[in-house]
Amino acid sequence: MKQIQNLPVSCLMSYREIEEQHPVLMVTSAAAWKAVEARLHGLKIATKLEVSTATTEHWDTLLSSAARSNAEVVYAVGGGLAADAGKYLAAELNLPLTVLPTALSVDAFLTATSGVRCEGCVAYIETKVPEVVILDLEVIAAAPASIRAAGITDVMSIATGSWDWKFAHEHGQNLPGMEFIPWVYENAQTILDGVLDCAVAAGRGDREGLKTLYDCLAMEVQLCNQVGHARPEEGSEHYFAYCAENLVGPGWPHGDLVGPGIMLMAAMQGQATERYESALQACHIPLDRIPTAVTEETLAALPTYCRKHNLPFGIAHVL
Ligand SMILES: [Zn+2]
């Protein structure tokens, strides 16, 4: 059976108004918990777990603690790591999942898979779509500026990812099941336009801007859900990020690696980059954090890296 994934039900409300009747397994990170703890009086927490890395080994350790809990529902509170671990635990425990993002830092709280670090690359394993995502825009607006709207990189990666998809089509390199679909490509471009237009407002923490960024993330995820793969949104900019992570070490925010990846790959693709740079800057994505030597080493390694990890064809294969 081929399943088309859906988006979680999304609620816009204050975390202070959440009333949860069932005992909760809380999956969070120290910083995120500190930011929202005082708002979560309506939750009866049976067990609280702190997630530190994106590996199944670590999550399986958490799973053994979780299995001893009497929790009936999982809550993931934080950014992408908490969401990915929460999806994994909820799927393994067969429990419903609610995600409370503390920043719009990635698209992970909307997808059906969890990204795990595996042999120097990122693999996406099927876990589950959260049943509910609750957005407290007041909390998200108050997040540190560099992560508040960093999820713009997961929408802006359409700029380079869908370019790669078309490029692969023109070179007969798209794998079966990932054939180029012009209307999907065009749809992705309009989502990209939407996110570029909201970058200033979202980066500033305006509620309207953050809501639009959320809409763009949701539309990008659902477009990929419909076609069953991520080629409209994931390409060489993500490959750059995955490869660079081996050199800079774990724990970097996703946007700090994908943002520079978008700029570098868009330039390699011959695209005008001014609009992309302005949007990334408006959302406080650091574009100069990766040392030059690391960038150069990553670019030199990318073609071999992409083949070694069987990444779908893009500009990074032929730099
Ligand atoms: Zn991403």
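Residues numbered from 1 in each chain as written. Predicted model: local features only at pLDDT ≥ 70, side-chain atom pairs only at ≥ 80, totals over all residues.

Please explain the sheet that holds strand S2 (residues 24-28) as it appears in this structure.
As a general point, the strands of a sheet are linked pairwise by backbone hydrogen bonds and lie either parallel or antiparallel. Read from one edge to the other, the open sheet built from six strands follows the order S1-S8-S5-S4-S2-S3, with strand pairing classed as parallel. This sheet does not close on itself; its edge strands, each paired only once, are strand S1 (9-12) and strand S3 (45-50). For this sheet, the mean inter-axis angle between neighbouring strands, taken without regard to orientation, is 20°. Taken together, the four bridges between S1 and strand S8 (residues 132-135) define a ladder with parallel strand orientation. Counted as the bridge partner of Cys11 is Ile134 from S8. Across the sheet, helix H3 (residues 80-93) is in contact with S2, strand S4 (73-78) and strand S5 (97-101); its angle to S4 comes to roughly 170°. (Pairing = 2+ DSSP bridges. Helix = DSSP H or I, 4+ residues; strand = E, 2+ residues; numbered from the N terminus. Axes fitted to C-alpha atoms, helices over the stretch in contact; angles between N-to-C directions. Contact = placed C-beta atoms within 7 Å.)

Before we go on, may I ask you to explain the domain arrangement of the protein in this structure?
Reports of interface size often rely on the accessible area that becomes lost once the parts have come together. Parsing the protein into structural domains produces domain 1 (9-141) and domain 2 (145-318). Relative to domain 2, the C-alpha centre of domain 1 lies at a distance of 24 Å. In this assembly, 18 residues from domain 1 lie in contact with 23 residues from domain 2. Secondary-structure elements contributing two or more residues to the side of domain 1 that touches domain 2 are strand S7 (121-126) and helix H4 (137-141). Counting residues per element, the side of domain 1 that touches domain 2 draws most heavily on H4, which supplies three residues. Of the residues in the side of domain 1 that touches domain 2, the class split is ten nonpolar, six polar and two charged. (Domains from an automatic or database assignment. Nonpolar A, V, L, I, M, F, W, Y, C, P; charged D, E, K, R; others polar.)

Looking at this model, I keep getting lost on unusual backbone geometry. Mind explaining?
What you tend to see is this: most non-glycine residues have negative phi, and most peptide bonds are trans. With a phi angle near 60°, His284 is a residue other than glycine that sits in the positive phi range. Tracing the backbone shows His284 in the loop between helix H11 (274-282) and helix H12 (292-308). Positive phi, normally seen in glycine, also occurs at Asn310, with a value near 55°. As for its placement among the helices and strands, Asn310 is situated in the segment after H12.

Any chance you could explain the environment of Leu97 here in plain terms?
Residue placement: Leu97 occurs in strand S5. The exposure class assigned to Leu97 is buried, which follows from the 27 C-beta atoms found within 10 Å. If we skip the residues at most four places from it in the chain, Leu97 touches Val74, Ala76, Gly86, Lys87, Ala90, Lys128, Pro130 and Glu131. (Buried ≥ 20, exposed ≤ 12 C-beta atoms within 10 Å, placed from the backbone.)

Would you mind going over the nonpolar core with me for this structure?
Generally speaking, nonpolar side chains in soluble globular proteins are found buried as a group. Counting residues in hydrophobic clusters, the biggest one holds 96 residues, and the most contacted among them are Ile152, Val195 and Leu213. The greatest single-element share of this core, amounting to nine residues, is contributed by helix H6 (residues 152-170). Here this core spans two domains, and each of domain 1 (9-141) and domain 2 (145-318) adds at least three residues to it. Those residues in contact with Leu213 that lie beyond four places of it in its chain are Leu104, Ala149, Gly151, Ile152, Val195, Cys198 and Ala202. (Core = buried A, V, L, I, M, F, W, Y, C linked by C-beta atoms within 7 Å.)

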